[in-house]
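Examining the three-dimensional arrangement
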Amino acid sequence: MSTRPRISARISAISESATLAVDAKAKAMKAAGRPVIGFGAGEPDFPTPGYIVEAAIEAARQPRFHKYTPAGGLPELKQAVADKTRRDSGYAVEPSQVLITNGGKQAVYEAFATLLDPGDEVLVVAPYWTTYPEAIKLAGGVQVDVVADESTGYLASVERLEAARTERTKVVLFVSPSNPTGAVYSREDTLAIGRWAAEHGLWVVTDEIYEHLVYGDAEFTSIATAVPELGDRVVILNGVAKTYAMTGWRVGWLIGPADVVKAATNLQSHATSNVSNVAQMAALAAVSGDLSAVGEMRTAFDRRRQTMVRMLNEIPGVFCPEPKGAFYAYPSVKELIGKELRGRRPQTSSELAELILEQAEVAVVPGEAFGTPGYFRLSYALGDDDLVEGVSRMAKLLAEAR
Ligand SMILES: Cc1ncc(COP(=O)(O)O)c(C=O)c1O
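Structural notes, computed from the coordinates.

When helices and strands are tallied, the protein shows 14 helices and 12 strands. For 402 residues, the compact-globule formula gives about 21 Å, and the C-alpha radius of gyration of the protein, at 21 Å, lands near that figure. Dimensions of the protein along its principal axes, counting C-alpha atoms only, are 65 × 60 × 55 Å. Burial statistics for the protein: of 402 residues in total, 56% are counted as buried. The contacts of the protein with a sequence gap of at least 6 include a subset with a gap of at least 24, amounting to 74%.

All right, on to the site of the ligand then. Close to the ligand lie Gly103, Gly104, Lys105, Trp129, Tyr132, Asn179, Asp207, Ile209, Tyr210, Ala241, Lys242 and Arg250, which account for all nearby residues. At 2.8 Å from an oxygen atom of the ligand is found a side-chain nitrogen or oxygen belonging to Tyr210. Coverage of the ligand by the protein amounts to 92% of the 390 Å² it exposes when considered alone. Here the shell around the ligand gets three residues from one element, more than from any other, and that element is helix 5 (residues 103-115).

Each full turn of the α-helix corresponds to 3.6 residues, which orients residues three or four apart in the same direction. If you check which residues of helix 3 (residues 50-60) are buried, you get Ile52, Ala56 and Ala59. Projected onto a plane normal to the axis of helix 3, the buried residues spread over an arc of 60° and lie on a single side. On its buried side, helix 3 packs onto helix 11 (277-288).

Another aspect to go through is the sheet that holds strand 8 (residues 252-255). Spatially, the seven strands line up as an open sheet ordered 2-8-7-6-5-3-4, and their pairing is mixed. Only two strands of the sheet have a single partner each, and these edge strands are strand 2 (98-101) and strand 4 (142-147). Each strand of the sheet is rotated relative to its neighbour by a mean of 20°, with strand direction disregarded. Inspection of the sheet shows strand 7 (residues 234-239) paired to strand 8 by four bridges, in the antiparallel sense. Bridging from a neighbouring strand, Leu237 pairs with Leu254 of strand 8. Packed onto the sheet, helix 8 (residues 187-199) meets strand 3 (121-126), strand 5 (169-175) and strand 6 (203-207) and runs at close to 165° relative to strand 5.

One can find Ala156 in the loop between strand 4 and helix 7 (158-164). Ala156 has contacts with Val125, Val146, Ala148, Tyr185 and Ile193, leaving out every residue within four places of it along the chain.

In this section: the nonpolar core. Judged by nonpolar contacts, the single largest core of 52 residues is most densely connected at Leu77 and Val240. Those residues in contact with Leu77 that lie beyond four places of it in its chain are Ile100, Val251, Gln280, Ala283, Leu284 and Val287. Counting residues in each nonpolar core, the second largest holds 42 residues, with Met308, Leu341, Ala353 and Leu378 among its members.

Right, let's get into the pairing of strand 4. Looking at chain direction, strand 3 and strand 4 are connected through six bridges and run parallel. Bridged to Val125 within strand 4 is Val146. Note that the unit made of strand 3, helix 6 (residues 131-138) and strand 4 has a crossover that is right-handed.

Two faces make up the sheet, and in a regular strand the side chains alternate between them. Most of strand 7 sits inside the fold, with six of its six residues counted as buried. The two faces of strand 7 match: Val234, Ile236 and Asn238 on one face and Val235, Leu237 and Gly239 on the other face are all buried. The pairing of strand 6 with strand 7 spans four bridges and is parallel. When the sheet's bridge partners are listed, Val205 is paired in strand 7 with Val235.

For the pair helix 12 (residues 292-313) and helix 14 (residues 384-398), interaxial distance at closest approach is 10 Å and the crossing angle is 10°. On the basis of their axis angle, the class for helix 12 and helix 14 is roughly parallel. Across the interface between the two elements, Arg303, Arg304, Thr307, Met308, Met311 and Leu312 from helix 12 touch Asp384, Leu387, Val388, Val391, Ser392 and Met394 from helix 14.

Calculation rules
Each chain carries its own residue numbering, running from 1 in the written order of its sequence. Totals for whole chains, interfaces and linings use all residues, but because this is a predicted model, local features are given only for residues with pLDDT of at least 70 and pairs of side-chain atoms are given and counted only at 80 or more. With hydrogens and water set aside, each side-chain value is computed from the structure's full complement of heavy atoms. Secondary structure is summarised from DSSP: a helix means a run of H or I of at least four residues, a strand means a run of E of at least two, and numbering begins at the N terminus for each. All radius of gyration figures rest on C-alpha atoms, and the globule criterion is 2.2 Å times the number of residues raised to 0.38. Each residue's exposure class comes from its accessible area (1.4 Å probe, protein chains only) as a fraction of the maximum for that residue type: buried when under 20%, exposed when over 50%, partly exposed otherwise. Contact between two residues is taken to exist if any of their heavy atoms lie within 4.5 Å; hydrogens are not considered. For this description, a residue counts as near a given molecule or strand if any of its non-hydrogen atoms is within 4 Å of it. Pairs of N or O atoms within 3.5 Å make up the polar contacts considered here, provided that, within protein, one atom can donate a hydrogen while the other can accept it, and that residues adjacent in sequence are counted only when both atoms are side-chain atoms. For the accessible areas, the method is Shrake-Rupley and the probe is 1.4 Å, while residue cover comes only from the protein chains on display. It is the directions from the helix axis to the C-beta atoms that the arc portrays. The pairing criterion is simple: DSSP has to find at least two bridges between the two strands. Helix axes are fitted to C-alpha atoms over the stretch in contact, other axes to C-alpha atoms as well, and angles between N-to-C directions run from 0 to 180 degrees. Buried Ala, Val, Leu, Ile, Met, Phe, Trp, Tyr and Cys residues form a nonpolar core when they are joined through side-chain atoms within 4.5 Å. The handedness of a crossover follows from its direction of travel: if, with the strands pointing away from the viewer, the path from the first strand over the helix to the second runs clockwise, the crossover is right-handed. Relative orientations are named as follows: roughly parallel for angles under 35 degrees, roughly antiparallel for angles over 145 degrees, roughly perpendicular for angles from 65 to 115 degrees, and oblique for any other angle.

Geometric descriptors of this kind do not, in isolation, establish any biological role.
The following block contains the structure:
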């Protein structure tokens, strides 16, 4: 019998997606008849707009879309993504600088796989979205955390980034609006971080998937456009999932210099080939249409955001800075850790989240999933009534903590 491990070390090191796991557990409890309210999901609760669905139906009828198409994406979609990027961010790119991917997630994987050699360091602001560490690790890269907490609204500064930079640093990951915190960098801070990266010859990988979900006086700033000094060392990750309520369609993209895009396309040509043509044609209708659908979603999200933050901050032991973008709130629950609650004494935010799921039938994602224990992530992409009921149940339970 071989003593070789059954699973490779590289793949064994990958953790299950904690956000999907919480969502799955909540859905399973719901299916078993329990009235669970889930704050775990990272997806809009709206259906995809009708004109986008119609474009997909029309595409499915065309025999040319029943066949393989270019691995890097349909030429008309690449052109439309280039046009959309110029329209929304003022960033000028050629279709040869666009790679259409299987969701934003594949763009994340391919960006790091294409840029990193073993040992290359990536500066990542924590709390961070759960997928980045796994993608960096798989590429052989080394993640260096730059922790930002609620005292700065989860925003990192040039000083903090500079303190973490070494001669091995190749990439800084810039995510604004952020998942999980909803933090949005001001134009000034974006400029400062971009210029600092340019000065040190760093690459910037920027995830712009929440670009259209900003609230109040917050503004989205594309670091690629704002800091021309970065030259061609910028890779933009984006997709249709959040803007057009299209999480299930699996279309994203990566924009970068032509050599990076060519190399990433080579990788994709062996891994997955072209993204489903039907989904690409739906994405084409989405990015070349107007932004009225996301405008309506934004109004609903903004209302829910304000309700959620107010209700969370009324719970003793919970503190939630105001999120400015995306659809997540990221309260600190540090003061509740170690307190007695229904005969138990949760020692971590993970244990506290489990207790809340059991006792209040409310699912939240613990901060452990995002590199910062002591917090919860709650998505407000759910109906207003469920939101109020869910946070009320949590508040009622947590009020018993002694
Ligand atoms: C910050 C961020 N980037 C990228 C993605 C990827 O989205 P998708 O793969 O559904 O396009 C997500 C999804 O949760 C996200 O939150």
